[in-house]
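# Examining the three-dimensional arrangement
Residues per chain, in single letters:
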Amino acid sequence: MGKSFTAQARRQVKRACKGRVLHSLGRCIGVQLLYMLPFVLLVLLMYAVLFGRAIALVLSGTTDEYRLAMALMQGMNMMWVIVLVMLAVSGPLTFGLMRFYIALQRGGEPHVGTLLEPFTSLRMAWTGIKMVFCLAFRAFLWTVGPAVVYTVLSVAVTVGASVAGSPAAVDVPLTILYVLFLLALIPVQVKVMTYQAGWALLRDDETRGVWDATRAASAAFRGQFGRLFVFVLSFLGWLLLTAGVAYLCVGLGLAGLFVVQGGTGVAIFALCCVAALCLLVLLGGFVNAYQMTSFFGMYEYLSAQASGDASPGQNGGNVL
């Protein structure tokens, strides 16, 4: 059977995944919060390490620029340790998050603890770390070509304008080049996204090589890049809603801060910020789970068609 992810198939996959996400909405929000928490703490720790000594010196009345510079240098030395910890943690956490979404897409009942399962096995943790680096390296390989072309053309335009004695006329060509560069990145990002489906193969076989898993997963989308792009655009409304709700709450808070003023204005601003954060957590947890489970559903639909399986899905799951 030929591969074809039609509009009807897309709607069926998304409808099934939305139902599963809504059924497990509390767990989806919980796993998203638990996933973000270590990164938030590490970022706060990074800022504390980087600027903590310098701020303490300023608060103590120190104005010696040399001492302040040395304090910043010491903070930068320690910052790299936190960056390495963040990189080491991101692999297993991302693997756990993808395992949660894959299990949910296949009709399972994953618990929030699924996020931490890779930390219970050195093999799973190492697989997650390798996969994160593999995805980053693949993204770099696909991006470096357009970036080099953009850089060379930009330099050529700038030099040409300087030689012609009209450096002010370079703004319009550079703007056009930048827009073309951004447009060229769209198919690149679609291609890079296909490698994310490799998480499903690693979930079924942790001993599989990450390079092989990403290559095999991407092959399932061959000839479907346009449909994958439409699939991504189908979530644009949810993304705009999430961003709009956040900006609306913050805007109302700023209006209260400047119009009401005083302690009441500050209280209104604080309440609006808390409301924005709560709504972002709620909508973000739903949208992320909805989008990722649907993406894995699309992958398993295509891979099932490629293998001639009339019942897409693995391990008893059915994307339809």
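Heads up: the structure comes first, above all this text.
In this text, all values refer to a predicted model and were calculated from it rather than measured experimentally.

## Quick word on the overall build of the protein chain
When you go through the protein chain residue by residue, the secondary structure sums to 10 helices and zero strands. Its helices and strands taken in sequence order, the protein chain reads α-α-α-α-α-α-α-α-α-α from the N to the C terminus. Overall size of the protein chain, expressed as C-alpha extent along the three principal axes, is 70 × 60 × 45 Å. When the 320 residues of the protein chain are sorted by exposure, 38% land in the buried category. Contacts spanning at least 24 positions in sequence make up 75% of the contacts within the protein chain whose residues lie at least 6 apart. Accessible area of the protein chain: about 16,900 Å², with a carbon and sulfur share of 72%. When the 21 positive and 11 negative side-chain charges of the protein chain are each reduced to one mean point, those points stand 9 Å apart.

## Topic: the nonpolar core
Judged by nonpolar contacts, the single largest core of 56 residues is most densely connected at Tyr-101, Trp-199, Phe-221, Leu-228, Phe-295, Phe-296 and Tyr-299. Looking at which element gives the most residues to this core, the answer is helix 3 (residues 65–105), with 12 residues. The residues touching Phe-296, leaving out its near neighbours within four places in the chain, are Met-98, Tyr-101, Ile-102, Gln-105, Gln-196, Ala-197, Trp-199 and Ala-200.

## Observations concerning the packing of helix 4 (residues 122–163) against helix 5 (residues 171–195)
The description of two helices packed together rests on the angle between their axes and the distance between the axes. Axis separation between helix 4 and helix 5 bottoms out at 10 Å; the angle between their running directions is 165°. Comparing the axis directions of helix 4 and helix 5 gives the class roughly antiparallel. Crossing geometry of helix 4 relative to helix 5 is assigned as right-handed. In terms of residue class, the contact of helix 4 with helix 5 is built from 18 nonpolar, three polar and two charged.

## A few points about the packing of aromatic side chains
Inspection of the entire model under this criterion finds 15 aromatic pairs. Ring plane angle 75° and centroid distance 5.0 Å describe the contact between Phe-235 and Tyr-290, whose orientation is recorded as edge-to-face. Of this pair, Phe-235 sits in the loop between helix 8 (225–233) and helix 9 (236–259) while Tyr-290 sits in helix 10 (residues 262–306); the two residues are 55 residues apart in sequence, bridging distant segments of the chain. The pair formed by Phe-235 and Tyr-290 is uniform in burial state, with each residue classed as buried. Three or more aromatic residues joined by ring pairs form one cluster here, namely Phe-231, Phe-235, Trp-238, Phe-286 and Tyr-290. Between the NZ or CZ atom of Lys-14 and the centre of the ring of Phe-235, over which it lies, the distance is 4.4 Å. When the ring centre of Trp-211 is taken as origin, the NZ or CZ atom of Arg-138, which lies over that ring, is 3.7 Å away.

## Overview of the packing of helix 8 against helix 10
Relative to each other, helix 8 and helix 10 sit at 160°, their axes nearing to 11 Å. Taken together, the axes of helix 8 and helix 10 are roughly antiparallel relative to one another. In the crossing of helix 8 with helix 10, the sense of the turn from one axis to the other is right-handed. Listed contacts from helix 10 to Arg-227, Leu-228 and Phe-231 of helix 8 are Gln-291, Ser-294, Phe-295 and Met-298.

## Examining the pattern of salt bridges
For the structure shown, the criterion picks out eight salt bridges. A salt bridge links Asp-204 to Arg-203, with the shortest nitrogen-to-oxygen separation between them at 3.9 Å. Residue classification places Asp-204 among the partly exposed residues on the basis of a relative accessible area of 34%.

## Concerning a nonpolar patch on the surface
Nonpolar side chains collect at one region of the surface, where Val-172, Ile-176, Val-179, Leu-180, Leu-183, Ile-186, Phe-229, Leu-233, Leu-236 and Leu-240 lie side by side and expose about 900 Å² of accessible area between them. Of all the secondary-structure elements, those providing two or more residues to the nonpolar patch are helix 5, helix 8 and helix 9. Considering every element that reaches the nonpolar patch, the biggest residue donor is helix 5, with six residues. Turning to its location among the elements, Leu-236 is positioned in helix 9. For Leu-236, a relative accessible area of 41% corresponds to the partly exposed category.

Cut-offs used in this document
Residues numbered from 1 in each chain as written. Predicted model: local features only at pLDDT ≥ 70, side-chain atom pairs only at ≥ 80, totals over all residues. Heavy atoms only, no water. Helix = DSSP H or I, 4+ residues; strand = E, 2+ residues; numbered from the N terminus. Buried < 20%, exposed > 50% of the residue type's maximum accessible area, 1.4 Å probe, protein only. Contact = heavy atoms within 4.5 Å. Areas by Shrake-Rupley, 256 points an atom, 1.4 Å probe, with all protein chains shown as cover. Lys, Arg positive; Asp, Glu negative; His and termini not counted. Charge placed at Lys NZ, Arg CZ, Asp CG, Glu CD. Core = buried A, V, L, I, M, F, W, Y, C linked by side-chain atoms within 4.5 Å. Axes fitted to C-alpha atoms, helices over the stretch in contact; angles between N-to-C directions. Parallel < 35°, antiparallel > 145°, perpendicular 65-115°, else oblique. Left-handed = near helix turned anticlockwise from the far one by under 90°. Nonpolar A, V, L, I, M, F, W, Y, C, P; charged D, E, K, R; others polar. Phe/Tyr/Trp six-rings, centres within 6.5 Å; stacked < 30°, edge-to-face > 60°. Lys NZ or Arg CZ within 6 Å of the ring centre and 35° of its normal. Salt bridge = Lys/Arg side-chain N within 4 Å of Asp/Glu carboxyl O. Patch = residues over 30% accessible without salt bridge, like charges linked within 9 Å, V, L, I, M, F, W, Y side chains within 5 Å.

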